[in-house]
Amino acid sequence: MSTVASQVEVPADVSLPIYMDNHATTPLDPRVLAAMMPYFTEKFGNAASRNHSFGWEAEQAVETAREQIARLIGATAKEIIFTSGATESNNLAIKGIAEMYRERGNHIITQVTEHKAILDTCKRLEKQGYRITYLPVKADGLIDLDDLARAIDEKTILVSIMAANNEIGVLQPIAEIGRLCHERGVLFHTDAVQAVGKVPIDVIADNIDVLSLSGHKIYGPKGVGALYVRRRNPRVQIAAQIDGGGHERGMRSGTLNVPGIVGLGKACEIAREEMASEAAFLTGLRDRLKEKLEANLDYIHVNGSMDHRLPGNLNVSFVYVEGESLLMGINDIAVSSGSACTSATLEPSYVLKALGLGDDVAHSSIRFGMGRFNTQAEVDYVADKVIDVVKHLRKLSPLYEMVLDGIDLSKIQWAAH
Ligand SMILES: *Cc1c(COP(=O)(O)O)cnc(C)c1O
């Protein structure tokens, strides 16, 4: 593979490497760290210790965090269950409901572009005799609500559809999904990890019964998350998957991660206060990046709906360029690509394939995940660099040459390999 000697100059106000992979994880906000610090040191109590002030102090901090999280999503504090992150929240939601409502039915509906924490959980339940429907998505990444309505039957106990996709940033119509579920008497869970704190979510208005969220996707710490479990209309019951001291209303035993929980609470408070201004800022950065790329490169393709999308997400295929080569050419920018990476296989992203993209287009994709700490100067540098490297790689691409010469690649008979 050839290395690309880029000519792009680094402006004085940009320091490398640039982090633009905020869907994988976000940096900890310094205000969150400051809130957490005392709970590592002098305020070290166990929130379950009822007999002394060390315990009371920790419990008070945990209850404040519960309030902060609840307020962000329109819930009440008692409806928040702390977990180790959204992978656990998703497991607890789906397995806990499947077990608790087994008498009522064994059918669960989800969709093909969910996170692995949902898909692999559903696969395990399939082995245990549950029936799972994986709804397809349209070319823009959204599910068809008619497909959902048709899939619900008398055995359906749960619908689990993510609020925002972690690769393409597409926002599903969760309020409509929630309304449909409630009309049909089916519980609605949403993996809202990418959406919480980025776009408004209200568990009452959106008819959400169970919701997963995670600290490290919203400028909080890693290893802490929460599950919202509705207490009224309807009261949702979840079978514990970890047994022990009966913490968290018996749904999730284990000593609480007090500093992590304090950080998650603070992260939610900041997100609630700054969501509107931050969304406007990130939409501006994202549209600027998109416009620069489109103005300077041909054969590029934005993956997923632009109308129903997270503010900070841009997922672009640079056709006739190999994603891995592009990543290598822009190795001073942290982004992720739709090829290989996440698995040992060379399969391109299952999310991009679900949109109907061919392997080549999926392989040439880059996910730009802009966040709170990115700047316009960084976006400008990223755009210039990507444009430079893509142009260079395409000069070396025989396919691109053929396309410019007017040859229709789909009509070519390639030798078998
Ligand atoms: C990151 C992510 C998860 C997993 O969350 P963890 O807290 O890292 O376990 C689940 N779903 C989505 C959509 C995610 O982006």
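As the structure is a computational prediction, the values presented were derived from the model and not from experiment.

A. Broad picture of the nonpolar core. In this structure, F82 and L211 are the most contacted members of the largest nonpolar core, which totals 66 residues. With nine residues, the top contributor of residues to this core is helix α7 (residues 258-296). Formed jointly, this core draws a minimum of three residues from each of two domains, domain 1 (18-27 + 275-411) and domain 2 (30-271). Apart from the residues lying within four places of it in its own chain, the contact partners of F82 are V62, A65, R66, I69, G225, A226, E248, R252, L256, I261 and L264. Of all hydrophobic cores here, the second largest spans 33 residues; its members include L327, I366, F368 and V389.

B. Region of interest: the environment of L409. Within the fold, L409 resides in the segment after α12 (398-404). Counting along the chain gives 168 residues from L409 to Q241, while the straight-line C-alpha distance between them is 52 Å.

C. View of the site of the ligand. Lining the immediate environment of the ligand, one finds 13 residues, of which T87, D191, Q194, S214 and K217 sit closest. Within the backbone of A86, a nitrogen or oxygen atom sits 2.9 Å from an oxygen atom of the ligand. Separating an oxygen atom of the ligand from a side-chain N or O atom of S214 is a distance of 2.7 Å. Within the complex, the protein chains bury 87% of what would otherwise be the 380 Å² of accessible surface of the ligand. It is helix α3 (residues 86-100) that provides the largest number of residues to the shell around the ligand, a total of three residues.

D. The domain arrangement of the protein, seen in detail. Here the domain parsing of the protein yields domain 1 (18-27 + 275-411) and domain 2 (30-271). One C-alpha centre belongs to domain 1, the other to domain 2, and the line joining them spans 30 Å. The interface is formed by 28 residues belonging to domain 1 together with 37 residues belonging to domain 2. Interface of domain 1 and domain 2: buried area, both sides summed, is about 2,600 Å²; carbon and sulfur atoms make up 56% of it. Considering only the surface of domain 1 that becomes buried against domain 2, M275, Y350 and R372 emerge as the three largest contributors, covering 27% of it. Counting the contacts that link domain 1 with domain 2 gives zero salt bridges. Applying the counting rule to domain 1 against domain 2 returns 16 residue pairs in polar contact (both at pLDDT 80 or more). Looking at the side of domain 1 that touches domain 2, the elements with two or more residues in it are α7, β10 (313-318) and α9 (350-354). For the side of domain 1 that touches domain 2, the element with the highest residue contribution is α9, accounting for four residues. Of the residues assigned to the side of domain 1 that touches domain 2, the class counts are twelve nonpolar, twelve polar and four charged.

E. Here's a closer look at the sheet that holds strand β5 (residues 156-160). Pairing is mixed across the open sheet formed by seven strands, whose spatial order is β2-β8-β7-β6-β5-β3-β4. Since the sheet does not close on itself, it has two edges, and those belong to β2 (80-83) and β4 (131-135), each with one partner. Averaged over all pairs of adjacent strands, the angle between their axes in this sheet comes to 20°, without regard to strand direction. Here helix α2 (residues 53-73) sits on the sheet in contact with β2, β7 (210-214) and β8 (225-229), set at roughly 115° to β2. Helix α4 (residues 116-127) contacts β3 (107-111), β4, β5 and β6 (187-191) of the sheet and is inclined by roughly 150° relative to β4.

F. Here's a closer look at the pattern of salt bridges. For the structure on display, the rule yields 22 salt bridges. We note a salt bridge from D120 to K123, for which the minimum N-O separation is 3.5 Å. Linking D120 with K123, this pair stays in helix α4, spanning three residues, or about one helical turn. Its relative accessible area of 40% is what places D120 among the partly exposed residues.

Rules behind the numbers
- Residues numbered from 1 in each chain as written.
- Predicted model: local features only at pLDDT ≥ 70, side-chain atom pairs only at ≥ 80, totals over all residues.
- Heavy atoms only, no water.
- Core = buried A, V, L, I, M, F, W, Y, C linked by side-chain atoms within 4.5 Å.
- Buried < 20%, exposed > 50% of the residue type's maximum accessible area, 1.4 Å probe, protein only.
- Helix = DSSP H or I, 4+ residues; strand = E, 2+ residues; numbered from the N terminus.
- Domains from an automatic or database assignment.
- Contact = heavy atoms within 4.5 Å.
- Near = heavy atom within 4 Å.
- Polar contact = N/O pair within 3.5 Å; in protein donor to acceptor, adjacent residues only side chain to side chain.
- Areas by Shrake-Rupley, 256 points an atom, 1.4 Å probe, with all protein chains shown as cover.
- Buried area = accessible area lost by both parts, 1.4 Å probe.
- Salt bridge = Lys/Arg side-chain N within 4 Å of Asp/Glu carboxyl O.
- Nonpolar A, V, L, I, M, F, W, Y, C, P; charged D, E, K, R; others polar.
- Pairing = 2+ DSSP bridges.
- Axes fitted to C-alpha atoms, helices over the stretch in contact; angles between N-to-C directions.

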